[in-house]
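# A structural walkthrough
What follows is each chain in one-letter form.
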4 protein chains.
Amino acid sequence: MIVAAMLPEFTVTHVVQFSETDMAGIVHFSNYFRWMERVEHAFFRSVGLSVSMAHDGRHLGWPRVSAACDYLGPVRFEDEVSLTLRVTKVGGRSFSYEVDFTVVGRPVALGKLTSVCCVLTEGKMKSIEIPADVRAKLTGSPARTTVA
Amino acid sequence: MIVAAMLPEFTVTHVVQFSETDMAGIVHFSNYFRWMERVEHAFFRSVGLSVSMAHDGRHLGWPRVSAACDYLGPVRFEDEVSLTLRVTKVGGRSFSYEVDFTVVGRPVALGKLTSVCCVLTEGKMKSIEIPADVRAKLTGSPARTTVA
Amino acid sequence: MIVAAMLPEFTVTHVVQFSETDMAGIVHFSNYFRWMERVEHAFFRSVGLSVSMAHDGRHLGWPRVSAACDYLGPVRFEDEVSLTLRVTKVGGRSFSYEVDFTVVGRPVALGKLTSVCCVLTEGKMKSIEIPADVRAKLTGSPARTTVA
Amino acid sequence: MIVAAMLPEFTVTHVVQFSETDMAGIVHFSNYFRWMERVEHAFFRSVGLSVSMAHDGRHLGWPRVSAACDYLGPVRFEDEVSLTLRVTKVGGRSFSYEVDFTVVGRPVALGKLTSVCCVLTEGKMKSIEIPADVRAKLTGSPARTTVA
């Protein structure tokens with residue numbers, strides 16, 4: 001799809017830590033969600049954003065609407081996992097991406113996550129339209145391509 | 001559905017720990033997957049199984065095929081979360097369930113998880129047909145109903 | 001010591017979760033610190049306090065000054081761990097306790113933790129004298145004994 | 001001290017993840033212990049060892065005897081933490097080190113950890129004398145200096 005092809009990708013690597021394994025000798029499945037967040041936040045930083053940031057005097061956050069992961073094979077201690085985030089949709093208020101997990105080129109998992117843009121006020125969250133400048137950075141619009 | 005109605009349900013409660021919160025002041029989304037596993041393992045124990053058990057001289061385990069969670073509202077420190085596991089399918093080699101997360105009766109999340117029955121041998125995992133006696137316990141067949 | 005003998009004790013139990021184990025087949029050592037916090041917070045609740053509470057219009061918290069644990073033997077999946085907190089000192093601004101970790105009466109670890117009472121203001125922490133009513137609850141002074 | 005000065009040091013950096021923070025807006029204290037392990041394992045790799053390795057047909061592991069951390073100031077989301085491991089003692093069966101935690105040169109914590117060298121057999125652990133070649137690598141003896 002043409003539009004999808006234009007949306008950004010971003011990759012980080014992660015060396016599996018001992019504390020991430022379980023007694024089955026493989027990485028505990030819950031940790032893939034922490035890794036998804038890790039590449040997401042690194043992507044945000046790469047385009048000049050933070051997932052916890054002030055914007056026009058408001059505090060923006062991105063609570064999760066849904067998270068999913070399909071597991072294709074085990075990942076073990078000291079494996080170097082490549083995490084590639086692909087933006088799949090930037091909706092009015094929501095942001096969706098997928099993450100390809102690979103080890104030495106072998107796909108090991110596929111993650112999917114959707115967050116919603118919120119203003120945080122005194123511990124309360126209220127969804128808002130994604131501000132235009134934030135949207136431009138998430139979609140990799142022309143304004144950003146010289147940076148990436 | 002008649003069959004589904006006969007499949008087991010099981011509930012545990014969990015008081016949110018401080019270490020499960022994040023700087024947004026709510027529970028980090030990855031912890032819901034640990035809680036899903038918690039009620040799953042308690043369910044296994046309730047029917048006389050363990051997720052890490054010897055069976056006919058083999059070591060059985062249940063690696064995850066897929067995990068997903070929809071988030072309906074925030075959960076906070078010291079909330080008492082009710083986790084109700086509903087078995088949704090016991091396939092030839094796989095086991096699927098959903099978890100309803102509620103706080104004081106308010107739905108806060110819906111989780112879905114599918115695992116596959118495996119024999120573990122020297123760190124390798126190989127899927128197998130779920131043994132008949134294990135299947136009977138997971139499906140709450142007549143042999144079990146007097147226990148539950 | 002007479003004074004120490006009068007300080008409160010408090011016990012909770014914890015069933016070891018699968019996600020708390022590591023590939024060595026035992027509980028990862030970092031989890032003992034989460035368990036120490038768990039019994040601490042349950043103790044706070046038992047005396048009518050919370051570790052994150054409003055007090056005279058201020059938000060009180062208890063950041064850690066030091067934490068330590070000696071490990072006496074392994075703890076495994078599904079072990080029921082008994083966690084007994086013993087208050088060892090309630091200083092001017094600090095609160096110290098030890099935790100005896102046992103499994104079926106067998107000592108498996110000894111933890112030590114010291115926190116300091118702080119006021120949280122706009123993300124900044126400032127240590128303060130422990131308020132008298134909070135101190136009375138932490139020390140199990142007569143005012144509290146009818147509650148416990 | 002002359003001997004101490006000859007023992008190895010090793011540094012890694014870590015960018016604080018969102019999931020490592022808690023509702024107080026700072027890193028949860030238990031994570032410092034995971035970070036200590038992280039630099040320890042990276043140090044092991046840097047000298048050609050692994051904390052989970054075959055050695056003369058045996059499986060060696062390093063269960064913890066004691067762990068401690070003093071906290072000097074808060075660490076926050078996206079801080080880059082420098083973790084410097086200093087080997088403090090390589091005993092007959094034990095290995096001890098300290099970790100200096102700094103953020104932009106500011107000391108934020110001091111960790112201490114002691115492990116014991118064990119052979120793992122069928123889930124049982126038995127302490128052994130640290131093998132000579134492993135000891136040489138941990139102490140940074142001449143045999144190693146060309147590698148580092």
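We now turn to the structure provided with this report. In this text the structure is predicted, and so the values were computed from the model without any measurement.

So, about the pairing of strand 9 (residues 124–127) of chain C. Residue and element names in this part refer to chain C. Of the pairings in the sheet, the one linking strand 8 (residues 118–121) to strand 9 comprises four bridges and is antiparallel in character. Looking at the pairing, cysteine 118 lines up with serine 127 of strand 9. Following strand 8, the chain reverses through two residues before pairing antiparallel with strand 9; glutamate 122 in that reversal takes a positive phi of roughly 50°.

Below, the discussion takes up the relation of the copies chain A and chain B. Of the transformation placing chain A onto chain B, the axial shift is 0.0 Å and the rotation is 180°, giving an RMSD of 0.0 Å. On the angle and the small slide along the axis, the relation comes out as a two-fold axis. If distances are taken from each C-alpha of chain A to the rotation axis, the shortest is found for A:Ala68, at 2.0 Å. Here 100% of the contact residues of chain A are again contact residues in chain B; the copies associate through an equivalent surface.

One copy of the chain maps onto the other through a rotation about an axis followed by a shift along the same axis. Rotating chain C by 180° and moving it 0.0 Å along the rotation axis overlays it on chain B with an RMSD of 0.0 Å. In this assembly the copies share their binding face: 100% of the residues contributing to the interface of chain C also contribute to that of chain B.

Bringing unusual backbone geometry into the picture now. Phi is positive for B:Asp56, which is not a glycine, with a value near 55°. Looking at where B:Asp56 falls in the secondary structure, it is placed in the loop between strand 2 (53–55) and strand 3 (58–61). With a phi angle near 50°, D:Val104 is a residue other than glycine that sits in the positive phi range. Within the fold, D:Val104 resides in the loop between strand 6 (94–103) and strand 7 (106–116).

The next point concerns the sheet that holds strand 2 of chain B. All names here are of chain B. Taken together, four strands build an open sheet; the order of strands is 2-3-8-9 and the sheet is antiparallel. Edge positions in the sheet fall to strand 2 and strand 9 (124–127), since each has one partner strand and no second. Across the sheet, the mean angle from the axis of one strand to that of its neighbour is 45°, orientation sign disregarded.

As a further point, take the interface of chain C and chain B. Note: interface size is frequently given as the accessible area lost on complex formation between the parts. Taken together, the contacts link 14 residues of chain C with 14 residues of chain B. A per-residue breakdown of the area chain C buries against chain B is headed by C:Gln17, C:Arg45 and C:Glu78, which together make up 32% of the total. For the salt bridge of B:Arg45 with C:Glu78, the shortest nitrogen-to-oxygen distance reads 2.8 Å. At the junction of chain C and chain B, the tally comes to eight residue pairs in polar contact (both at pLDDT 80 or more). Among the elements that make up the side of chain C that touches chain B, the one with the highest residue count is helix 2 (residues 31–46) of chain C (five residues). A class-by-class count of the residues in the side of chain C that touches chain B yields four nonpolar, five polar and five charged.

What counts, and at which threshold
Residues numbered from 1 in each chain as written. Chains lettered and ligands numbered in written order. Predicted model: local features only at pLDDT ≥ 70, side-chain atom pairs only at ≥ 80, totals over all residues. Heavy atoms only, no water. Pairing = 2+ DSSP bridges. Helix = DSSP H or I, 4+ residues; strand = E, 2+ residues; numbered from the N terminus. Least-squares fit on C-alpha atoms with pLDDT ≥ 70 in both. Contact = heavy atoms within 4.5 Å. Axes fitted to C-alpha atoms, helices over the stretch in contact; angles between N-to-C directions. Buried area = accessible area lost by both parts, 1.4 Å probe. Salt bridge = Lys/Arg side-chain N within 4 Å of Asp/Glu carboxyl O. Polar contact = N/O pair within 3.5 Å; in protein donor to acceptor, adjacent residues only side chain to side chain. Nonpolar A, V, L, I, M, F, W, Y, C, P; charged D, E, K, R; others polar.

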